[in-house]
Every structure is written in C-alpha cells, then in structure tokens.
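# Architecture and fold: a report
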Amino acid sequence: DKLKLTHRWAAAVNANPSALLCHPFKRTFSVSASEVDKFSKLSPTWWDPDSNPLVKMNPARIARMRNVIEKHYMHHSAEPIFHGLKALDVGCGGGLLSESLARLGADVTAIDPSREIAEMAQQHAMRDERTSKINYRGGMSVEDLVKEIMSTHCDGDFSEA
C-alpha cells in the first residue's frame with residue numbers, strides 16, 4: 001500500500017534523516033535550459049486563465065489534495081486544512097499551487113530553475129497576507145536543493161557529488 005510505504009519512509013526520515021539523505025549521489029540534471037527559457041517568457045501571463053490552462057486546472061488539483069489530506073489526517077478542526085504541514089512545490093512556475101497551499105495553511109517552499117518566474121511569483125504572492133510568506137527560491141533545481149540540505153545536515157563535502 002503506497003500510503004503505508006510513504007508513512008514508513010517519512011517516519012524513517014524523521015527518526016534518522018542522515019541515514020537516508022547523507023550519502024554521495026550521482027548528479028542528474030532535471031533542468032533543460034530551453035524549457036527554463038520557454039517558461040520564463042510566459043511569466044507576464046502566468047496568472048491569465050486564457051493563456052495558462054493550469055489556472056483553470058488548479059481548483060481540481062487542490063480539491064484532490066484536500067480530499068487526500070482530509071482522509072489521511074482525519075482533519076476535523078477549525079484550522080485551515082494544511083495548517084502545520086510543510087509543502088515543497090518543485091517547478092513552481094508562477095506559484096499557482098504554492099499560493100493555493102499557503103491559503104490552506106501550509107508552510108510553503110517553492111523552487112523553480114527560472115529566477116525570473118520565481119521573482120514574478122513572489123511579487124504576486126505579496127498581494128495577499130496568507131501567501132506573502134511563501135519561500136520562493138528561483139534559480140534552483142531539485143538537485144541544488146538536495147545538495148543544500150545535505151551540506152546543512154550531513155558531514156562531508158557534496159559539492160562534486
């Protein structure tokens with residue numbers, strides 16, 4: 001069962017994060033310069049529902065996530081549904097998902113390899129107090145984030161890993 005496996009993995013990481021994270025890894029590249037350039041050019045129209053189909057899809061994505069969280073955590077409190085949860089939005093783009101999660105109470109970190117689009121997302125998020133604390137990290141790949149975490153929580157030099 002995927003949920004049980006995920007829960008066991010999360011418990012193992014919480015118990016001993018070094019055991020799972022602190023080992024050399026072979027660097028892979030998840031970022032394509034041409035894709036970063038393509039999406040960076042879309043930043044002025046990111047929140048326009050006529051230009052970006054994700055704007056119209058976002059309510060369905062959030063509804064599904066709410067459903068899963070409600071069932072898993074048996075959420076029945078007056079607090080926002082994601083209150084106390086941390087969320088990582090990898091490839092956050094203009095922040096559609098990030099902002100929705102923050103409005104539902106999550107503590108959100110959002111990374112994107114495009115500095116331009118992450119800066120635009122941060123500016124958009126500043127319009128609402130509930131989204132203004134999103135930690136946008138532009139110019140960052142998932143591999144960069146892993147290296148940063150490893151260098152913070154592990155002994156050793158992972159700069160060439």
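Quick caveat, the model's predicted, so the values are computed rather than measured.

It is worth spelling out the overall build of the chain at this point. For the chain, the count of helices and strands is seven helices and three strands. Order of helices (α) and strands (β) in the chain, N terminus to C terminus: α-α-α-α-β-α-β-α-β-α. For the chain, with 161 residues in total, the buried portion stands at 32%. Counted over contacts in the chain with a minimum sequence separation of 6, partners at least 24 positions apart contribute 59%. On the chain, roughly 10,600 Å² of surface is accessible, and the fraction owed to carbon and sulfur atoms is 57%.

Moving on, we get to the packing of aromatic side chains. For any pair of aromatic rings, the description rests on two quantities: the centre-to-centre distance and the angle between the ring planes. By the definition in use, this model includes one aromatic pair. Seen from their ring centres, Phe39 and Trp46 are 6.2 Å apart, and the 65 degrees between their planes marks the pair as edge-to-face. With a relative accessible area of 35%, Phe39 lands in the partly exposed category. The class of Trp46 is buried, set by a relative accessible area of 8%.

We now examine a nonpolar patch on the surface. Residues Leu88, Val90, Val142 and Val146 make up a contiguous nonpolar surface patch of roughly 280 Å² in combined accessible area. Elements with a minimum of two residues in the nonpolar patch: strand 1 (86-90) and helix 7 (142-153). Within the secondary structure layout, Leu88 lies in strand 1.

The next subject is the layout of surface pockets. Roughly 420 Å³ of volume is contained in the second largest pocket. What lines the second largest pocket is a set of 25 residues, among which Gly91, Cys92, Gly93, Asp112 and Pro113 lie closest to the centre. Counting residues per element, the ones that place at least two in the lining of the second largest pocket are helix 3 (33-41), helix 4 (53-73), strand 1, helix 5 (96-103) and strand 2 (107-112). At three residues, the largest contribution of residues to the lining of the second largest pocket is made by helix 3. Taken together, the residues that form the lining of the second largest pocket break down as 14 nonpolar, seven polar and four charged.

Turning next to the pairing of strand 2. Both strand 1 and strand 2 contribute to a ladder of five bridges, which runs parallel. Bridge pairing in strand 2 links Ala87 to Val108. Running through helix 5, the crossover from strand 1 to the neighbouring parallel element strand 2 is right-handed. One ladder, built from four bridges, connects strand 2 with strand 3 (residues 135-138); its direction is parallel. By the bridge assignment, Ala110 is partnered in strand 3 with Tyr136. After leaving strand 2, the chain enters helix 6 (residues 115-125) and then returns to the sheet as strand 3, a path that is right-handed.

Over its 21 residues, helix 4 runs 30 Å from end to end, which matches the ideal 30 Å to within 8%, given 1.5 Å per residue. Along helix 4, the sharpest change in direction is near 30 degrees and occurs at Pro59. Among the residues of helix 4, those classed as buried are Val55, Asn58, Ile62 and Ile69. As for helix 4, its buried residues are in contact with helix 5. Where helix 4 begins, the side chain of Asn52 points an oxygen toward the backbone nitrogen of Leu54, at a separation of 3.0 Å.

About the criteria used
- Every chain's residues receive numbers from 1 upward, in the order its sequence appears when written.
- In view of the model being predicted, local features appear only for residues whose pLDDT reaches at least 70, and side-chain atom pairs are presented and counted only at 80 or more, with totals across whole chains, interfaces and linings using the full set of residues.
- Just so you know, side-chain values use all the structure's heavy atoms and leave hydrogens and water out.
- Secondary structure elements are defined from DSSP: runs of H or I of at least 4 residues count as helices, runs of E of at least 2 residues count as strands, and each element is numbered from the N terminus.
- Categorising residues by exposure relies on relative accessible area from a 1.4 Å probe, with only protein chains included: less than 20% of the type maximum marks a residue as buried, more than 50% marks it as exposed, and the intermediate range marks it as partly exposed.
- Two residues qualify as a contact provided that any one of their heavy atoms is within 4.5 Å of a heavy atom in the partner residue.
- Accessible surface area values rest on a Shrake-Rupley calculation with a 1.4 Å probe, where residue burial reflects the displayed protein chains alone.
- Here the aromatic set is Phe, Tyr and Trp, taking the six-membered ring for Trp, and pairing holds for ring centres within 6.5 Å; pairs whose planes are under 30 degrees apart are stacked, those over 60 apart are edge-to-face, and all others are tilted.
- For patch building, the residue pool is restricted to those with more than 30% relative accessible area and no salt bridge; the joining distance is 9 Å between like charges and 5 Å between nonpolar side chains (Val, Leu, Ile, Met, Phe, Trp, Tyr).
- Throughout this description, the term salt bridge denotes a Lys or Arg side-chain nitrogen within 4 Å of a carboxyl oxygen of Asp or Glu.
- Two kinds of site are reported from a 1 Å grid over the protein atoms alone, namely cavities, where a 1.4 Å probe fits but cannot get out, and pockets, open sets with protein on both sides within 12 Å along at least five of seven lines, and residues are called lining when an atom falls within 4 Å of a point.
- Grid points are joined across faces, edges and corners, and a volume is the space filled by probe spheres set on the points.
- Side-chain classes follow a simple rule in which Ala, Val, Leu, Ile, Met, Phe, Trp, Tyr, Cys and Pro form the nonpolar group, Asp, Glu, Lys and Arg form the charged group, and the remainder, Gly included, forms the polar group.
- Strands pair, by our definition, only if DSSP identifies at least two bridges between them.
- For a crossover, the right-handed case is the one in which the path from the first strand over the helix to the second runs clockwise, viewed with the strands pointing away from the viewer.
- Multiplying 1.5 Å by the residue count of a helix minus one yields the expected span of that helix.
- Values of bend correspond, residue by residue, to the angle between axes fitted over the seven residues ending at that residue and the seven starting there.
- Distance and chemistry together define a polar contact, namely a pair of N or O atoms within 3.5 Å, with one atom able to donate a hydrogen and the other to accept it when in protein, and with adjacent residues in sequence counting only for side-chain atoms on both sides.

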